[in-house]
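Geometric and topological summary
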Amino acid sequence: MRVILEPSFFSQPALAVGRQLLGKYIVRAERGKEVALPITELEVYDGFEDRASHAFRGKTPRNEVMWSDAGFLYVYFVYGMHWMLNVVVGKKNYPAAILIRGAGDISGPARLTVKLNITGAQSGVRAIPANGIWFEDRGVRISRGHCKRLPRVGVARAGAEWAEKPYRFVVV
DNA sequence: ACGATGATGAAC
DNA sequence: TTCATCATCGTA
């Protein structure tokens, strides 16, 4: 079973997408080679009220893709050396995105972008096969007991209320 | 525990 | 134009 995830999947409410995206595959195709990894860890950033989200400070050249259509990629550079891969979710003009933190045996968002050769060149791009990167349902089902919800990483400055929300989803 | 390493956004 | 910060990682 290989079903490509469409905008109708990503345009659901952000937390619903987060829960369902665990176990889905991220697929990267370049130069005839295909890498497909099941998503094991992610974080949801949900709306302009989320103080941990880049969208909280308003639309800027870097984050404006968060306001665009569900299924687009938001890739940004941080700490002077790391690329972070997000997929835009929710309704158009509602800024929400999901940070992919781990897939397959890769643990950590920066390592994942190195493995999949993803950089700012992919920011603002639709996640579709024609662009060499997309998401698939391959029939993996993550049961309730194998899904753990935890606080997000590295967002303490957002304040306790938002830093403590269980917006990180992990396959255990 | 800390340095790498540079873009970003807010303040001046 | 300066400055602190940053959705991290490798080395110690």
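Everything below is about the structure printed above this text.
Residues numbered from 1 in each chain as written. Chains lettered and ligands numbered in written order. Predicted model: local features only at pLDDT ≥ 70, side-chain atom pairs only at ≥ 80, totals over all residues. Heavy atoms only, no water.

**Quick look at the overall build of chain A**
Going by this rule: A helix here means a DSSP run of H or I that spans at least four residues, while a strand means a run of E at least two residues long, and both kinds are numbered starting from the N terminus. Within these notes, the globule rule equals 2.2 Å times the number of residues to the 0.38 power, and the radius of gyration is based on C-alpha atoms. Categorising residues by exposure relies on relative accessible area from a 1.4 Å probe, with only protein chains included: less than 20% of the type maximum marks a residue as buried, more than 50% marks it as exposed, and the intermediate range marks it as partly exposed. Using a 1.4 Å probe, the Shrake-Rupley method yields the accessible areas, and only the shown protein chains count as cover for residues. His is not counted, nor are the chain ends, whereas Lys and Arg count as positive and Asp and Glu as negative. A charge is said to be at NZ when it belongs to Lys, at CZ for Arg, at CG for Asp and at CD for Glu.
When helices and strands are tallied, chain A shows four helices and 10 strands. The order of helices and strands in chain A, counted from the N terminus, is β-α-α-β-β-β-β-β-β-α-β-β-α-β. In terms of overall size, chain A behaves like a compact globule, its C-alpha atoms giving a radius of gyration of 15 Å where 172 residues would be expected to give roughly 16 Å. For chain A, the spread of C-alpha atoms along the three principal axes comes to 45 × 40 × 30 Å. Residues counted as buried form 48% of the 172 residues belonging to chain A. Just so you have it, chain A exposes about 8,700 Å², and 53% of that area is on carbon and sulfur atoms. Of the charged side chains in chain A, 25 are positive and 15 negative, and the gap between their average positions amounts to 2 Å.

**Some remarks on the pairing of strand β3 (residues 33–46)**
Defined as follows: Strands were regarded as paired on the criterion that DSSP finds at least two bridges between them.
Bridge count between strand β2 (residues 25–30) and β3: six bridges; the pairing is antiparallel. Each bridged residue has a counterpart across the sheet, and for A29 the counterpart in β3 is E34. Two elements, β3 and strand β6 (residues 96–103), share seven bridges in a ladder whose sense is antiparallel. Opposite E41, over in β6, you have G102 as the bridge partner. In this structure, β3 lies alongside strand β10 (residues 168–171), joined through three bridges in antiparallel fashion. Counted as the bridge partner of E41 is V170 from β10.

**A short note on unusual backbone geometry**
Positive phi outside glycine occurs at R31, with the angle close to 45°. In this fold, R31 is placed in the loop between β2 and β3. We note that Y79 has phi near 55°; this positive angle belongs to a residue other than glycine.

**Brief notes about the protein's contact with DNA strand B**
Inclusion rule: Only a single heavy atom is needed: when it lies within 4 Å of a molecule or strand, its residue is near that molecule or strand. Counting of polar contacts relies on pairs of N or O atoms within 3.5 Å, with two restrictions inside protein: one atom must be capable of donating a hydrogen and the other of accepting it, and residues adjacent in sequence are counted only when both atoms are side-chain atoms.
Around DNA strand B, a shell composed of R57, T60, R62, F77, Y79, G80 and M81 is seen. What you see for DNA strand B is that sugar and phosphate hold 50% of its atoms within 4 Å of the protein. Within the side chain of T60, an N or O atom sits 2.6 Å from a phosphate oxygen of DNA strand B. Within the backbone of Y79, one N or O atom sits 2.4 Å away from a base oxygen of DNA strand B.

**Quick notes on the protein's contact with DNA strand C**
Using the following cut-off: Residues are grouped as follows: Ala, Val, Leu, Ile, Met, Phe, Trp, Tyr, Cys and Pro are nonpolar; Asp, Glu, Lys and Arg are charged; every other residue, Gly included, is polar.
By nearness alone, 19 residues border DNA strand C, and H54, H82, N86, R111 and R157 come closest of all. Take H82: an N or O atom from its side chain is 2.8 Å from a base oxygen of DNA strand C. R111 is positioned such that a nitrogen or oxygen atom in its side chain is 2.5 Å from a phosphate oxygen of DNA strand C. Among the elements of the structure, β4 (73–78), β5 (82–88), β6 and α3 (109–116) are those that each provide at least two residues to the surface near DNA strand C. Split into classes, the residues belonging to the surface near DNA strand C amount to 11 nonpolar, five polar and three charged.

**Structural notes on a nonpolar patch on the surface**
So the rule is basically this: Patch definition: residues with relative accessible area over 30% and no salt bridge; like charges joined within 9 Å; nonpolar side chains (Val, Leu, Ile, Met, Phe, Trp, Tyr) joined within 5 Å. Here, a salt bridge means any Lys or Arg side-chain nitrogen found within 4 Å of an Asp or Glu carboxyl oxygen.
On the surface, a nonpolar cluster with roughly 400 Å² of combined accessible area is contributed by F77, Y79 and M81. If you trace the backbone, M81 turns up in the loop between β4 and β5.

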